[in-house]
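Residue strings, one per chain:
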Amino acid sequence: MSGSNERQSVPVQGAPCWVNLMVADLAVAQAFYGAVLGWRFRSSSLDEDFVVATAGGDPVAGIGTRRPGLAPVSEWTPYFAVRDADATAARIRERSATVAVGPMALGDGRVGLAADRDGATFGFWEGYTLAWSPGEGQAPVRLDLQTRDVFEAAVFYGEVLDWTAEDFEVAYRNDHVLVKLGGRVVLSLRGGGVQTSPLAHLRPRWLVNFAVDDIESAVTAAVAAGGSKPQPSSAASVPGGFSRTLQDPDGGLFTLTHKEP
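All values derive from a computational prediction rather than experimental measurement. (Residues numbered from 1 in each chain as written. Predicted model: local features only at pLDDT ≥ 70, side-chain atom pairs only at ≥ 80, totals over all residues. Heavy atoms only, no water.)

## Looking at the side chain of T77
And step 1. Tracing the backbone shows T77 in strand β6 (residues 76-81).
And step 2. You can call T77 buried: its relative accessible area is 7%.
And step 3. Polar contacts involving the side chain of T77 include one to the main-chain carbonyl oxygen of E75, which spans 3.2 Å.
And step 4. Every residue in contact with T77, bar those within four places of it in the chain, is listed here: W18, V19, N20, L113, T121, F122 and G123. (Helix = DSSP H or I, 4+ residues; strand = E, 2+ residues; numbered from the N terminus. Buried < 20%, exposed > 50% of the residue type's maximum accessible area, 1.4 Å probe, protein only. Polar contact = N/O pair within 3.5 Å; in protein donor to acceptor, adjacent residues only side chain to side chain. Contact = heavy atoms within 4.5 Å.)

## Observations regarding the layout of surface pockets
And step 1. Within this model, the second largest pocket holds a volume of roughly 570 Å³.
And step 2. Taken together, 27 residues form the lining of the second largest pocket, with A139, V141, F210, A211 and K259 sitting closest to its centre.
And step 3. Residue assignment for the lining of the second largest pocket shows that the elements contributing at least two residues are β14 (184-190), β15 (205-212) and β18 (253-258).
And step 4. When residues in the lining of the second largest pocket are grouped by element, the largest group, three residues, is from β15.
And step 5. Per-class residue counts for the lining of the second largest pocket are 13 nonpolar, seven polar and seven charged. (1 Å grid on protein atoms, 1.4 Å probe; cavity = no way out; pocket = protein on both sides within 12 Å on 5 of 7 lines; lining within 4 Å. Points joined across faces, edges and corners; volume = space filled by probe spheres on them. Nonpolar A, V, L, I, M, F, W, Y, C, P; charged D, E, K, R; others polar.)

## Some remarks on empty space enclosed by the protein
And step 1. This structure, assessed with the given rule, holds one cavity of 30 Å³ or more.
And step 2. Counted as a void, the largest cavity has a volume near 50 Å³.
And step 3. Around the largest cavity, the lining residues are D116, R117, D118, T147, E152, A153 and F156.
And step 4. Among the residues forming the lining of the largest cavity, the class breakdown is two nonpolar, one polar and four charged.

## A few points about a nonpolar patch on the surface
And step 1. On the surface, F151, V155 and Y172 cluster together to form a nonpolar patch covering roughly 270 Å² of accessible area.
And step 2. Structurally, Y172 can be placed in strand β12 (residues 168-172). (Patch = residues over 30% accessible without salt bridge, like charges linked within 9 Å, V, L, I, M, F, W, Y side chains within 5 Å. Areas by Shrake-Rupley, 256 points an atom, 1.4 Å probe, with all protein chains shown as cover. Salt bridge = Lys/Arg side-chain N within 4 Å of Asp/Glu carboxyl O.)

## What about the packing of helix α1 (residues 26-37) against helix α4 (residues 215-224)?
Pairs of packed helices are described in terms of their axes, by the angle between the two and the distance that separates them.
And step 1. Contact pair α1 / α4: the axes reach a minimum separation of 8 Å and the direction vectors enclose 155°. Classified by the interaxial angle, the pair formed by α1 and α4 is roughly antiparallel. Of the two elements, α1 crosses α4, and the hand of that crossing is right-handed. For the pair formed by α1 and α4, the contact residues are F32, A35 and V36 on the first element and A218, A221 and A222 on the second.
And step 2. A breakdown of the residues in the contact of α1 with α4 according to their chemical character gives six nonpolar, no polar and no charged. (Axes fitted to C-alpha atoms, helices over the stretch in contact; angles between N-to-C directions. Parallel < 35°, antiparallel > 145°, perpendicular 65-115°, else oblique. Left-handed = near helix turned anticlockwise from the far one by under 90°.)

## Description of the packing of aromatic side chains
And step 1. Under the criterion given, the structure shown has 20 aromatic pairs.
And step 2. Taking 5.2 Å as the distance between ring centres and 75° as the angle between the ring planes, the aromatic pair formed by W39 and F210 counts as edge-to-face. Remark: F210 occurs in strand β15 and W39 occurs in the loop between α1 and β3 (40-43); sequence separation between them is 171 residues.
And step 3. Residue classification places W39 among the buried residues on the basis of a relative accessible area of 7%.
And step 4. Judged by centre distance (5.4 Å) and plane angle (85°), the ring pair of Y157 and W206 falls under edge-to-face. Placement of Y157 in helix α3 (residues 150-161) and of W206 in strand β15 is noted, with a sequence separation of 49 residues between them.
And step 5. Among the residues examined, Y157 registers a relative accessible area of 0% and is labelled buried.
And step 6. For W206, a relative accessible area of 2% translates into the label buried.
And step 7. Through successive ring pairs, a cluster of aromatic residues spans F80, F122, F156, Y157, W163, F168 and W206. (Phe/Tyr/Trp six-rings, centres within 6.5 Å; stacked < 30°, edge-to-face > 60°.)

## Observations concerning unusual backbone geometry
And step 1. The omega torsion across G102 and P103 is 0°, close enough to zero to call that bond cis.
And step 2. One non-glycine residue, S96, lies in positive phi territory at about 65°.
And step 3. Mapped onto the fold, S96 is located in the loop between α2 (85-94) and β7 (98-106).
And step 4. Under the relative-accessibility criterion, S96 is labelled exposed at 60%.

## Comments concerning the pairing of strand β11 (residues 142-146)
And step 1. β11 sits mainly inside the fold: five of its five residues count as buried.
And step 2. The two faces of β11 match: R142, D144 and Q146 on one face and L143 and L145 on the other face are all buried.
And step 3. Bridge count between β11 and β14: four bridges; the pairing is parallel. Paired with D144 across the strands is S188, a residue of β14. (Pairing = 2+ DSSP bridges.)

In short, the description is geometric, and any link to function would need to be established separately.
Laid out in structure tokens, this is it:
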């Protein structure tokens, strides 16, 4: 999806296949994430205002300049692999959710941007992708959905993305849902999202969870680089361990968790 010439693969239908962030100032975002997460950046053939973040030479995420009048806020957005973007868009609409953009051609594939019934934004992608999956290599360790009703959300995404396929294991817990792929947790769905909250980090949303060696050092680096810690306190215990939520200088929210040995 990055438009690079790197090794590509056919992703598992319904699996997360990439994460993007669109920002007002690309240079500021590169400086911030480079300082906090040690990322390097290279150009992409998709657009001169879009770069691919790398760590240890592996692709991690995409960051681009948002267009005037579109995407008024910075938001980390997960993309899910689909076989048929049009059919996916139809399933989203049939379940009273919103397709905001597309499906439309992009590079060698087709892409769409949507919001679920509670307003959490996500994308879907039809085509080849980079060899990328949460929890593998330098990719985000996990994607977390903060939502109003965790079990209702699990049904919605399960139907739209076909999580009933044999590749997936959906584990229902007391207050959250874990989605496993190949025995590895790639997604968690948890409650607590408040649609009417004036605070962005409390509203339903997808959060991208990056692993670091030292969370507090990363938090200190983020604040020094112009980021912030949302208030009230954003420390939380989530499936997989302790996590901290941060805001980049443009308001983009992301989470940090301890890297496993």
